[in-house]
Amino acid sequence: MSGVEIAVELVALVVAVLLVTAAARKLDWSAPLCLIAVGVVASYVPGVPEYELDPEVVLLGLLPPLLYATAIRTSLIDFRRNRGPILLLSVGLVIFTTAAVGVVAWLVIPGLPLAAGLAIGAVVAPPDAVAATAVARKVGMPRKLTRLLEGESLFNDAAALVALRTAIAAIAGSVSLLQVGGDFLLAAGGGLVIGFAVGALAALIRTRLEDPVTDTALSLVVPFVAYLAAEAIHGSGVISVVVAGLILGHKAPSMLSGRSRLASRLNWQTIQFLLENIVFLLIGLQVRRIMTEVGDSGLTALELVLICAATLAATIFTRIVWMAGIGLARRVFRRHAWPWRYSAVIAWAGMRGVVTLAAAFVLPADTPQRAVLVLVAFVVVAGTLLLHGTTLPVLVRRLKLPPPDPAEDALQEAAVLHDMTRAALEELEKIRTPEDPEDIVERLRSRLQHRSDSAWEELGRQSALSETPSDAYRRLRLKLLEVEREKFLQARDSGMADDDVLRRILERLDIEESMLDREEETVPDSDRELRTPAATAGSCKHLTKNWPSVEPSSPDVCAVCVENGMTWVHLRECVKCGNVACCDSSPGKHATEHFHDTLHPVMRSHEPGETWRWCFVDKQLG
């Protein structure tokens, strides 16, 4: 095949992915399932080239960057907090699925050795949480479940590939239980050590890099170095990549510049999108070749249907049994158990994907009934994507799981930004010198305060103003940026300035516009009160005090604003005397003024549906 033909085929794959995913998004269909279906149809179209999914290309070329892209976006704090449930899913469930599905395959496939059955069990064991988490975010699944599914996807591939490696060795000859345990410990330990080493070394180097291009280039190399180095000592390359990614993702805020983080985030999102979806399309394109090979197996169509159906059912059922067993065990031993609704959703979020198909092609050519095993793997991938992918959103809605609350998110964001602003303003007073121009210092104060105020403005559900000050600033600044961009284009077209100068100017405009033109999150109307998050509730003595109930001075106005002919954004109520006044985003800032006049320490939101409180003394939510 010539270089031109290879280039044409690669471009065709990318274009097909873009078209199919865009159509699936518009129709609200499962993009992975649509890509597989298009691939299946295309594989039977005359003239379409026969793509061969080389397992080495997937395991060495695609799996490391896909795992790394997920790992750097995973919170190490959340991972540590949920490490127990994650290990139960990513290791315990994989071993259980390997054994259960392996026995079923051994029973239903004529002439199949038990070792080969365990091999196909290991192939179908690891779920692809990418599809599950995509559904989770779309339907508003609780974040704890999303974190568990993401954590499971990081390590279940490692456990499954180690189990597959052991099963393949058993097909060739005898393998002792001691050897199996030793291989697993070597894979896990070697992967952890190499992952820590590569992650620490990459962090050390990237801390000293200031150029975003160089930093991004280095980040592209890290997953492959981690994978190959671990495999070289017979460790798990998957675990190594995941550990390195978790370390670098955790250290990114302190070791990278803002420009480097923006560049890295965008580049890795693009890489992950293309690689994941291209592989799903390639999976569908394998079908014609798989069916041709299966035709030589000597099995009838009915036998093949029964084999595939039994294996698919076993794959789905083992996950349900495992989750039911965990829930029962926790109740028997009186340990903290997940709500049964959570267990039901996790049990049903078992879509298989890229690793399953890649692992199926890793099976040696002399594996008994290899073609049938590959067909089984394909049916499990397509079947779980179809069954779980289409019904999981319905299950989440029927169980009425609480979705993430945008209002509570806004409250947490406002609290964190307020603390950041306060720290920055205090530091400004320490570092400023008599020589620093007062107007510059005041400009810094105003900019910091504006960022904090705009976050608080997002909280109110009702407002006396149709547009908050931050909304007005964003609207006016975006209009001014349009005018500036038109002037920029005139300067470029007339050759007024050098191209390098113009690129620097355009970069500044783009950065500022990206900060202003953000997607707004609306706070939904609901019967749930906007309460203080549990993590910050009762954070000081003023907030924990049992304040007596008092009558608010006004039901829905700031009296001082009305008296002075001013407007307000949101209303706050003093919990000690009931005085209702406007917030700090309002021109008058009368709630803060009331605190300075009376030293009453705590106010609460006076907006409908909100019960959060704020201590002026300790600057804490409660």
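Structure shown above.
Residues numbered from 1 in each chain as written. Predicted model: local features only at pLDDT ≥ 70, side-chain atom pairs only at ≥ 80, totals over all residues. Heavy atoms only, no water.

A.B. asks: Looking at this structure, I do not really get the nonpolar core. What am I missing?
C.D. replies: It is characteristic of soluble globular proteins that their nonpolar side chains tend to be buried jointly. Counting residues in each nonpolar core, the largest one holds 122 residues, and the members touching the most others are I120, V123, L164, V345 and L392. The contacts of V345, once residues within four sequence positions are left out, are M141, L145, L392, L395, V396, L399 and L401. The next biggest cluster of nonpolar side chains, apart from the first, holds 12 residues, and it includes A414, A415, A455 and W456. (Core = buried A, V, L, I, M, F, W, Y, C linked by side-chain atoms within 4.5 Å. Buried < 20%, exposed > 50% of the residue type's maximum accessible area, 1.4 Å probe, protein only. Contact = heavy atoms within 4.5 Å.)

A.B. asks: What is the right way to read the packing of aromatic side chains from this model?
C.D. replies: A ring pair, where both rings are aromatic, is described by two values, the distance of the centres and the angle of the planes. Summed over the entire model, instances satisfying the criterion amount to four aromatic pairs. Residues F96 and W322 carry aromatic rings whose centres are separated by 5.4 Å and whose planes lie at 35° to one another, so their mutual orientation is tilted. Note that F96 is positioned in helix α5 (residues 83-108) and W322 in helix α14 (residues 301-332), a separation of 226 residues in sequence. Among the residues examined, F96 registers a relative accessible area of 29% and is labelled partly exposed. Of note, K545 hangs over the ring of W547, and the distance from its end group to the ring centre comes to 4.3 Å. (Phe/Tyr/Trp six-rings, centres within 6.5 Å; stacked < 30°, edge-to-face > 60°. Helix = DSSP H or I, 4+ residues; strand = E, 2+ residues; numbered from the N terminus. Lys NZ or Arg CZ within 6 Å of the ring centre and 35° of its normal.)

A.B. asks: Looking at this structure, how should I read the pattern of salt bridges?
C.D. replies: Side chains bearing opposite charge may pair, as long as their charged atoms lie close to each other. In total, this model carries 19 salt bridges according to the counting rule given. D419 serves as the salt-bridge partner of R422, at 3.8 Å between the closest nitrogen and oxygen. Here R422 pairs with D419, and both are found in helix α18 (residues 406-431), just three residues apart, close to one helical turn. On the basis of relative accessibility, which here comes to 28%, the residue R422 falls in the partly exposed class. Connected through shared salt-bridge partners, E429, R432, E438, E442 and R445 make up one network. (Salt bridge = Lys/Arg side-chain N within 4 Å of Asp/Glu carboxyl O.)

A.B. asks: It is not clear to me how the packing of α5 against helix α8 (residues 143-172) should be interpreted in this structure. Could you clarify?
C.D. replies: With their axes 8 Å apart at the nearest point, α5 and α8 run at an angle of 40° to one another. Here α5 is positioned oblique relative to α8, judged by the angle of their axes. For the pair α5 and α8, the crossing hand works out as right-handed. Residue-level inspection shows P85, I86, L89, S90, V91, L93, V94 and T98 of α5 in contact with α8, the latter providing R147, L148, G151, E152, F155, N156, A159, A160 and A163. Across the contact of α5 with α8, the residue classes tally to 11 nonpolar, four polar and two charged. (Axes fitted to C-alpha atoms, helices over the stretch in contact; angles between N-to-C directions. Parallel < 35°, antiparallel > 145°, perpendicular 65-115°, else oblique. Left-handed = near helix turned anticlockwise from the far one by under 90°. Nonpolar A, V, L, I, M, F, W, Y, C, P; charged D, E, K, R; others polar.)

A.B. asks: Is there a simple way to explain the pairing of strand β3 (residues 602-605) in this structure?
C.D. replies: Relative to β3, strand β1 (residues 571-574) runs antiparallel, the two sharing three bridges. Bridge pairing in β3 links E573 to R604. As judged from the three bridges shared by β3 and strand β4 (residues 613-615), these two strands associate in the antiparallel manner. Paired with R604 across the two strands is R613, which belongs to β4. (Pairing = 2+ DSSP bridges.)

A.B. asks: What is the right way to look at empty space enclosed by the protein in this model?
C.D. replies: Left-over empty space is what a probe sized like a water molecule reveals as it rolls over the atoms. Scanning the entire structure with this criterion turns up three cavities of 30 Å³ or more. Considering only enclosed or pocket space, the largest cavity measures out at about 70 Å³ in volume. If you trace the largest cavity, you find it lined by R572, E573, C574, N579, A581, A591, H594, F595, H600, V602, M603 and F616. Contributions of two or more residues to the lining of the largest cavity are made by β1, α24 (590-598) and β3. Tallied by class, the residues present in the lining of the largest cavity amount to seven nonpolar, three polar and two charged. As for the second largest cavity, its lining consists of S43, P49, E50, Y51, L285, R288 and R289. Taken together, the residues of the lining of the second largest cavity break down into three nonpolar, one polar and three charged. (1 Å grid on protein atoms, 1.4 Å probe; cavity = no way out; pocket = protein on both sides within 12 Å on 5 of 7 lines; lining within 4 Å. Points joined across faces, edges and corners; volume = space filled by probe spheres on them.)

A.B. asks: Sorry, what's going on with the environment of D510 here?
C.D. replies: Looking at where D510 falls in the secondary structure, it is placed in helix α21 (residues 499-516). Separated by 29 residues in the primary sequence, D510 and L481 place their C-alpha atoms 9.4 Å from one another.

A.B. asks: Even after reading the chapter, I still don't get a nonpolar patch on the surface, so can you show me in this structure?
C.D. replies: A cluster of nonpolar side chains, V103, W106, L107, V108 and L114, forms an exposed patch at the surface whose accessible area comes to about 430 Å². Broken down by element, the residue count for the nonpolar patch peaks at four residues, all from α5. Residue placement: W106 occurs in helix α5. Its relative accessible area of 40% is what places W106 among the partly exposed residues. (Patch = residues over 30% accessible without salt bridge, like charges linked within 9 Å, V, L, I, M, F, W, Y side chains within 5 Å. Areas by Shrake-Rupley, 256 points an atom, 1.4 Å probe, with all protein chains shown as cover.)

A.B. asks: It is not clear to me how unusual backbone geometry should be interpreted in this structure. Could you clarify?
C.D. replies: Even without being a glycine, H234 presents a positive backbone phi close to 65°. By the element assignment, H234 lies in the loop between α10 (212-232) and α11 (237-255). Among the residues examined, H234 registers a relative accessible area of 55% and is labelled exposed. The phi angle at L599 is positive, at roughly 65°, despite the residue not being glycine. Mapped onto the fold, L599 is located in the loop between α24 and β3.

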